[in-house]
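# Descriptive structure summary
What follows is each chain in one-letter form.
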Amino acid sequence: MEKMLWENGLASYEATKASLKNNMDLSDVSRILSSRCDAKWSNTDEVHALEQQSAAYNSDVGLEFRAGYTSKDIQRNPDENEGNTYMELSWELLDSGYLDNQYQATDYKRQAAIKAVHGKLKQHEINYQCRRFNLNRHFAGLELHLNSIKLKFMEAVYGVEKQAYFSGASYLDELMIPEEDIMLARQTLARLHADPTLATSELELINPPVIDVDLAAILQQIGQNKDFAESHRLQRLRIEDQAQQEDSFLQGSRFRLFLRKEFDVFNSGQEDLVAGARLQMPITFGEKGSQSEAKLNQLEQDFSHEQWEIMTRTRVAYVALQEQLERTTRQQYRVLRAQEAMRRVQSYTALDMPLDIAAVNVRVKSYIDAAIELGNAKQELYRRVNEIFLVARVEYNEKFIKVNSLNETEHRARPGERSVYIWSEQFNRYSNAELFALFETKGLKHALVSVGKKVDAKKLFEFMQEAAQHQVRVSQLLGEAKWALQEHHNEALAAVEARVRYGDGIHLDIEPHALAEYKANPKQVLQDLTKLVTAIRQRHPDINLTLSVPHHWPAEVLRTLGNDVDRVYLMAYETSDAEVISRRIKTVLASVPREKLVVALRKQDFNTELQLEAAIELLGQATGVTQFAVHKLDIYTQE
């Protein structure tokens, strides 16, 4: 029974931990905060109607056809000029004519453009409101997965607790603890499966990173919002044009050009073709009050106030985001603490130390609960980030996002990726379980194991087989100084050929600078070495090939070697001075890409592990290098 509980707990822990991995992908952030929304809204009909009205006015140039007929006994109407019968082509230029129509066409066109801009802003608001409501879709997969793990785990625990209760070995309150968790997990799963907006069979399992936003950049974008500026510009032009139209001395005036053909129907002798003009201008007394200046001032005040209000609401939303970010970060550390407790459980198990299965179950449950609550905290965090883009009326862009660098599954208070050299004597001394427990404790991800004659071959084979389960990469470390010489290349090639059968990671530790041939002709020896490395790469193009080099080799040699290997291990030995090591690193970086460079440090150059870690942190900050190696394992074993 105890074995079953332990296996159930370990499986639940590993499944939960796996669901929290890969939490640094910015594409998941973009998928959540820029997802397409199902809400449909448009004001295109309104915009189209205004554009059509503008087009109608624009096509009306003020031309009119007029005709009249009067009998002699009707007194002439002054508007009809001379003649009793006529046809006339007239062109109205001012009020209700060509110029007035052009003004109206421009005004309606601007109204359409303003409506289009407002529609765009409204669509932005609707999109982010919709994303706010649909945010749970992106986190439902993780919530469903973690609660399923918890339910399965607690059902096994409940079975044992129930048996203990009915046999008199425990009390009812102890039984009710797993019963409560089972009830809540089932309710959560039922809610998720019953939600009509969630297709639970299609939900993705994503664990997006914890994020913050660049408030200064968003506030700057608010001030540079082209839609606001365009709306303000168009409204200002409308007011200015309206003022120009209303304040003109020609306001209300009419001016018409005409060409008239008069017909002498009654033999009056007045038949003729005449052209003329007619001006009609109202006479007013006193000055008309102009509202244009007041309207422009009000427009500026409204525009400034709107920007102030948006920025203020954005700052308030940012404060709410920071509060949630603090809660989410605390929850991240709760997950890490629960994970650290489980890591120790695994280490004790690997070392055959006694464990209380009840205590183990409590730790597993704590870890699953922490993971579930972290998912909930992240969902609220993303809702508040979405709220910032909503109130700021700024479109989402990755440049506004800052990813929290805290990793939820691989945090050992050690920056960068770590490799370690393990020589045969050390490798043979510790069991594989002890080595993997040490790797997990110290956050080591890559073992360079010496494969000389003294190594325990059977133990090494088992170590390499088990490494993947512990997320550890293994490279077989081999090499002799003489391999650099042309006459020993076949020996080197044969040695590599023999080792690639066991694994595809090969680390070459060839240090020819102690050879007499090197002292006599270093250029030739290094040239031969580059030929050897090229030959190995050509024979084995798919292996992970790495190589140790000193800092003083010529740049062209380092560049050539760097082209043929996957990683270059810089032997930054014989000093603990971070400034000296930084200079050496920067020299090598001129020839080797940063992503290929691993800085190797020796135990004997540092008094303690703390001093070594401090140096690594300084070197990372000074050079940007993120990959480090330690020359011997014993700095971690306190030997």
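Throughout what follows, the structure given in this document is the object of discussion. Everything numeric here is computed off the predicted structure, so don't read it as measured data. (Residues numbered from 1 in each chain as written. Predicted model: local features only at pLDDT ≥ 70, side-chain atom pairs only at ≥ 80, totals over all residues. Heavy atoms only, no water.)

### Comments concerning the pattern of salt bridges
In this structure the tally under the stated criterion is 40 salt bridges. In this structure, lysine 17 engages glutamate 440 in a salt bridge whose closest nitrogen and oxygen atoms are separated by 3.6 Å. Remark: glutamate 440 occurs in helix α11 (residues 432–442) and lysine 17 occurs in helix α1 (residues 2–19); sequence separation between them is 423 residues. Lysine 17 gets classed as buried once you look at its relative accessible area, which sits at 7%. Of the charged contacts, one joins arginine 256 and glutamate 92 as a salt bridge, the two residues approaching to 4.0 Å between their closest N and O atoms. (Salt bridge = Lys/Arg side-chain N within 4 Å of Asp/Glu carboxyl O. Helix = DSSP H or I, 4+ residues; strand = E, 2+ residues; numbered from the N terminus. Buried < 20%, exposed > 50% of the residue type's maximum accessible area, 1.4 Å probe, protein only.)

### With respect to the packing of helix α4 (residues 98–166) against helix α9 (residues 357–392)
One can describe the packing of α4 onto α9 by two numbers: an axis separation of 9 Å at closest approach and a directional angle of 180°. As far as their axial angle goes, α9 and α4 are roughly antiparallel. Here the contact of α4 with α9 is composed, by residue class, of 16 nonpolar, nine polar and ten charged. (Axes fitted to C-alpha atoms, helices over the stretch in contact; angles between N-to-C directions. Parallel < 35°, antiparallel > 145°, perpendicular 65-115°, else oblique. Nonpolar A, V, L, I, M, F, W, Y, C, P; charged D, E, K, R; others polar.)

### Regarding unusual backbone geometry
Located in the positive-phi region is arginine 393, a residue other than glycine, with phi close to 55°. Relative to the assigned elements, arginine 393 resides in the loop between α9 and β6 (401–403). Note on arginine 393: relative accessible area 27%, which makes it partly exposed. Its identity is not glycine, yet glutamate 574 carries a phi of approximately 70°, on the positive side. Owing to a relative accessible area of 67%, glutamate 574 belongs among the exposed residues under this scheme.

### Regarding the sheet that holds strand β14 (residues 627–630)
Pairing is parallel in the closed barrel, where eight strands are placed in the order β7-β8-β9-β10-β11-β12-β13-β14. When the angles between neighbouring strand axes are averaged without regard to direction, this sheet yields 25°. Across four bridges, the pairing between strand β12 (residues 567–571) and strand β13 (residues 597–601) is parallel. When the sheet's bridge partners are listed, leucine 570 is paired in β13 with valine 599. (Pairing = 2+ DSSP bridges.)

### Quick notes on the environment of alanine 39
Its place among the elements puts alanine 39 in the loop between α2 (26–33) and α3 (44–59). We classify alanine 39 as partly exposed; its relative accessible area is 30%. With 409 residues separating them along the chain, alanine 39 and leucine 448 place their C-alpha atoms 56 Å apart. Excluding residues within four positions of it along the chain, alanine 39 makes contact with Gln123, Ile126 and Cys130. (Contact = heavy atoms within 4.5 Å.)

### A closer look at the packing of helix α15 (residues 522–539) against helix α16 (residues 555–564)
Axes are the key here: two packed helices are described by the angle between their axes and the distance separating the axes. Running from N to C, α15 and α16 cross one another at 10°; their axes reach a closest spacing of 9 Å. Regarding the angle of α15 to α16, the classification is roughly parallel. Between α15 and α16, the residues in contact are Leu526, Thr530, Val533, Thr534 and Arg537 and Val557, Thr560, Leu561 and Asp564, respectively. Of the residues that constitute the contact of α15 with α16, the class distribution is four nonpolar, three polar and two charged.

### Some words on the sheet that holds strand β1 (residues 63–69)
One open sheet holds the four strands; their spatial order is β1-β2-β4-β5, and the pairing between them is antiparallel. The open sheet has two free edges, formed respectively by β1 and β5 (272–280), since each of these has just one partner strand. When strand polarity is set aside, the average angle formed by the axes of neighbouring strands in this sheet is 20°. As paired elements, strand β2 (residues 85–92) and strand β4 (residues 254–263) share eight bridges and run antiparallel to each other. Its bridge partner being in β4, tryptophan 91 is matched across the sheet by leucine 257.

### Considering the environment of arginine 383
By the secondary structure assignment, arginine 383 is in helix α9. Classification of arginine 383 by relative accessible area gives partly exposed; the value is 27%. Filtering out sequence-adjacent residues up to four positions away, arginine 383 remains in contact with Arg132 and Leu135.

### Quick look at the side chain of aspartate 528
Structurally, aspartate 528 can be placed in helix α15. The buried charged residue aspartate 528 lacks any salt bridge, with lysine 531 as its nearest oppositely charged partner at 4.5 Å. When near neighbours in sequence (up to four residues on either side) are disregarded, aspartate 528 contacts Ala484, Gln486 and His489. (Lys, Arg positive; Asp, Glu negative; His and termini not counted.)

### A short note on the nonpolar core
Core analysis: the biggest nonpolar cluster contains 69 residues, and Leu508, Trp553, Ile585, Leu597, Leu601 and Tyr636 have the highest contact counts within it. The element best represented in this core is α15, accounting for six residues. Once residues lying within four places of it in the same chain are set aside, the contact partners of leucine 601 are Ala572, Tyr573, Ile581, Phe606, Leu612, Ile616, Leu619, Ala629, Val630 and His631. Formed by 35 residues, the second largest nonpolar core is a distinct cluster that contains Leu215, Ile310, Val385 and Phe400. (Core = buried A, V, L, I, M, F, W, Y, C linked by side-chain atoms within 4.5 Å.)

### Some thoughts on the packing of aromatic side chains
Two numbers describe a pair of aromatic rings. These are the distance of the centres and the angle of the planes. In the structure shown here, the tally under the stated rule is ten aromatic pairs. With 6.3 Å between their ring centres and 85° between their planes, tyrosine 421 and tyrosine 569 make a pair best called edge-to-face. Placement of tyrosine 421 in strand β7 (residues 417–422) and of tyrosine 569 in strand β12 is noted, with a sequence separation of 148 residues between them. Summarising the burial analysis for this pair, tyrosine 421 and tyrosine 569 share the class buried. If you follow lysine 261 out to its NZ or CZ, it ends over the ring of phenylalanine 263, 5.7 Å from the centre. The side chain of lysine 459 reaches across the aromatic face of phenylalanine 427, ending 3.6 Å from its centre. (Phe/Tyr/Trp six-rings, centres within 6.5 Å; stacked < 30°, edge-to-face > 60°. Lys NZ or Arg CZ within 6 Å of the ring centre and 35° of its normal.)

### A closer look at the pairing of β4
Bridging between β4 and β5 involves nine bridges; their strand directions are antiparallel. Residue phenylalanine 258 lies in a different strand from β5, and its bridge partner there is glycine 276.

All quantities given are derived from atomic positions and should not be read as evidence of function.
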